[in-house]
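If you want the building blocks of each chain, they are given just below.
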Amino acid sequence: MKKLPLATQEIGSMRKPRWLVNLLKNKNISSEMKQKARDDVSLLNLKMFENLGLDVVYDGEAKRVEMYEYTIHRIEGITLAGRIRSWDNKYYNKGRCIKKLKYKGPYHLDEFLFVKENTNNLIKLPITGAYTLADWSYNEYYKSKEDFVMDISKNIIRPLIKDLVKEGADFIQIDEPAATTHPEEMNLVVESFNESIKGINAKYGIHICYSGNYSDMYPQVLEMKNHQYELEFANRDSWKKGMQHSNRKGYASFMKTFKEYGEKKEIGLGVLDVHVDDIEPPELVRDRILYAAKMADDPNLIHVNPDCGLRTRTREISFSKLKSMVTGTKMAKKKLEL
Amino acid sequence: MISSWVSGIYPRSESLIEATRTYDKDLKQLFKKEKIRSIKHQINNKCDYISDPLIDWDDNLRPFTDNIKGIERGALSRYYENNTFYRQPVIIGNISSSGKILKNNINFELFSKKSKVKIDVLDPFTLADLSKNNHYKSKIDLANGFGKILRKELTNIKNKVDLIQFNAPSLAKIKQKEQIQSIKQIMDKTTKGLNVKTCLNLCGSDISNNIKNFIDFNVDIIGIDFINTKSNKLQAIEIDKTLACGIIDAKNTKMENPTKVINEIKLINKLFKPKSIAIIPNWDFEFIPLEFTYKKIRIMNQIKMKGKGINL
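Residues numbered from 1 in each chain as written. Chains lettered and ligands numbered in written order. Predicted model: local features only at pLDDT ≥ 70, side-chain atom pairs only at ≥ 80, totals over all residues.

Participant: When you look at the overall build of chain A in this model, what are you seeing that I'm missing?
Facilitator: Assigned secondary structure in chain A consists of 10 helices and 11 strands. Its C-alpha radius of gyration of 19 Å places chain A within 12% of the 20 Å reference for a compact globule of 338 residues. Seen through its principal axes, chain A has C-alpha atoms that stretch 55 × 45 × 40 Å. Taking all 338 residues of chain A together, 47% fall into the buried category. Put simply, 77% of the contacts in chain A that link residues at least 6 apart link residues at least 24 apart. (Helix = DSSP H or I, 4+ residues; strand = E, 2+ residues; numbered from the N terminus. Rg over C-alpha atoms; globule rule 2.2 N^0.38 Å. Buried ≥ 20, exposed ≤ 12 C-beta atoms within 10 Å, placed from the backbone. Contact = placed C-beta atoms within 7 Å.)

The following block contains the structure:
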């Protein structure tokens, strides 16, 4: 895969248009029509990302309900328990593992093939990782969390990746938002990641967000066979422009650790806070990138993305944020003469 | 004789979740109706203390976050290692309250006169630890501020309450003896002279190496999370209080086997020789759906029944 310094990319989900949500709820609409509507939104997202100038694209997860629930519906052995609060009146469905899990087939393949057919850009395919699937489920079957996680890694995620890579996927982002919620389990996160990709040649990223201190991943994470970290930073950062450590406090701690350990993996730098409607000025995006590039001693290691999926924002806000991200990245490239 | 009660916030039923999503105009009534049902369920399952299921609290801090002077609502933050988030209180000035926060946010009118009433609050240190402190010199100073607020709040409702349970997940994580002693002093000031039974519930962590630092807190009941603290790895130490065993896993839908729980209680009793034993969930039940919560409360009752003939 060719090197693209400061490549811009999306992380995951975009909010679905209201008309799609209503259409999917309508019992009088045929499943063929619903599939067509999902394809349309997938294409819409893809073309929006291309038109904005993103270098690496996917379809904004237009065909998935949500990263966890979509996946567990496609694995044998997990049944829905009910809804659990995420915050306030927002809930997510949580599954119970009640028997040995079984892989039922490549659940992201159709959407990947659709994306592949409809873009010439680089594709980054997001999938939910084994550790997070286990951490977010109730374990009623396996003797330990370790057994649960490793069975998902070896017998669900690895066959899935194998099938996707066989069909042309060459950059896979493994979403592990739970990875740093139990710092004492970092060895398990690393082992699970490595088992998931064992023997399968592709570029791999790990996306982690909204938990803990990323520096706590060290030194164990050095053993992880990922090529890129896609991390949430902007949510932790100030909105002041400039490259001083004090203005870039959301990035400083991790970047210092990254440097200390002499890391050479890429960083997918979260430069957009997906939990606020305010649009980051391009100059702020630029300074966040320049700061990280300086700390990493190599701008080639920095890729640029939002903190997380933008599904919590309206499509209009998401569009404006991504536009600012692309403009800010261009400004950083100019400054770095890339 | 084993006693039992539940802790903290309950999950909402599926119908209530739907109602909150559609902003049903009768939401207040629906909350009340479901609270009545859950309170009745506690009574039917012989809970020794009855508590408000707090299903109208958006998180364990929210009534305080929204009603204390000197606090602003901050960003969504992860609630410990859970996939559940709370609004972080941002401390922007000296904190003070009207003293009516608990009075206004707990439905005391739903309890029968026969019931012994328990209320749940986070302890002062946990409140401080979960806040973003932009004002006080230190976390301990802020905890002291929260202690004063809690004292005022608790004084105003003490006549309606038989047990005050301080849920203390942040305190349970502390390892330094000196820091624990500072917090003990704050707790002493918070509870002194209230003349209500108190429980310090050290939920959410393994405190096996640290139990001795907590047993001299001036409370009537110590709660230990025996899902995270493995009883078979503990050293014997005498606890001259009631021991509330957080032995019901509030974060897993797998149902407890009453016989196994009784065996563990026997071991715990032998290790700690407490005044008496209670069984409680190791966290709030809001981490499992309501139907599983109800089943677990029924199992708690079965354990109590099984434990009747045992000399504890």
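Participant: Can you walk me through the environment of Ala143 of chain B in this structure?
Facilitator: Residue and element names in this part refer to chain B. Looking at the secondary structure, you find Ala143 in helix H6 (residues 139-157). Assessed through the 26 C-beta atoms surrounding it within 10 Å, Ala143 is described here as buried. A sequence separation of 57 residues divides Ala143 from Leu200, and the C-alpha atoms of the two residues are 15 Å apart. In this structure, Ala143 is in contact with Pro124, Phe125, Ala128, Ile183 and Ile186, ignoring residues within four places of it in sequence.

Participant: Any chance you could explain the sheet that holds strand E5 (residues 117-122) of chain B here in plain terms?
Facilitator: Working definition: the strands of a sheet are paired by backbone hydrogen bonds and lie parallel or antiparallel to each other. Residues and elements named next belong to chain B. Read across the sheet, 8 strands follow the order E1-E11-E10-E9-E8-E7-E5-E2 without closing on themselves; strand pairing throughout is parallel. Whereas interior strands pair on both sides, the edge strands pair on one side only; in this sheet they are strand E1 (2-4) and strand E2 (50-51). In this sheet, strand E10 (residues 242-248) lies alongside strand E9 (residues 221-225) in parallel orientation, the contact comprising 5 bridges. Within the sheet, the bridge partner assigned to Gly223 lies in E10 and is Ala244. Seen against the sheet, helix H9 (residues 290-307) touches E1, E10 and strand E11 (276-281) and runs at an angle of roughly 165° to E1. (Pairing = 2+ DSSP bridges. Axes fitted to C-alpha atoms, helices over the stretch in contact; angles between N-to-C directions.)

Participant: Would you take a moment to explain the interface of chain A and chain B for this structure?
Facilitator: In many analyses, interface size is given as the accessible surface area lost on bringing the parts together. Contact residues are listed per partner, giving 20 residues for chain A and 21 residues for chain B. Counting residues per element, the ones that place at least two in the side of chain A that touches chain B are strand E2 (75-87), strand E3 (90-103) and strand E6 (138-139) of chain A. A total of 7 residues in the side of chain A that touches chain B trace back to one element, the largest contributor, which is E2 of chain A. Of the residues assigned to the side of chain A that touches chain B, the class counts are 7 nonpolar, 8 polar and 5 charged. (Nonpolar A, V, L, I, M, F, W, Y, C, P; charged D, E, K, R; others polar.)

Participant: Would you mind going over the nonpolar core with me for this structure?
Facilitator: What tends to happen in soluble globular proteins is that the nonpolar side chains get buried as a cluster. Grouped together as the largest cluster of nonpolar side chains are 179 residues, with contacts concentrated most on Ile289, Ala292 and Ile302 of chain A together with Cys245 of chain B. Aside from chain neighbours lying at most four places away, what touches Ile302 of chain A is Leu6, Ile267, Leu269, Ile289, Ala292, Ala293 and Ala296 of chain A. (Core = buried A, V, L, I, M, F, W, Y, C linked by C-beta atoms within 7 Å.)

Participant: What should I look at first to understand helix H1 (residues 14-21) of chain B in this one?
Facilitator: Given 3.6 residues per helical turn, the α-helix brings residues three or four places apart onto the same face. Residue and element names in this part refer to chain B. Every buried residue of H1 is accounted for by Leu16, Ala19 and Thr20. End-on view of H1: buried residues confined to an arc of 100°, all on one side of the axis. Every exposed residue of H1 that faces more than 90 degrees away from the buried side is listed here: Ser15 and Arg21. Where H1 is buried, its residues touch helix H2 (27-44). Positioned one or two residues after H1, Tyr23 has a phi angle of 50°, which is positive. (Arc of directions from axis to C-beta.)

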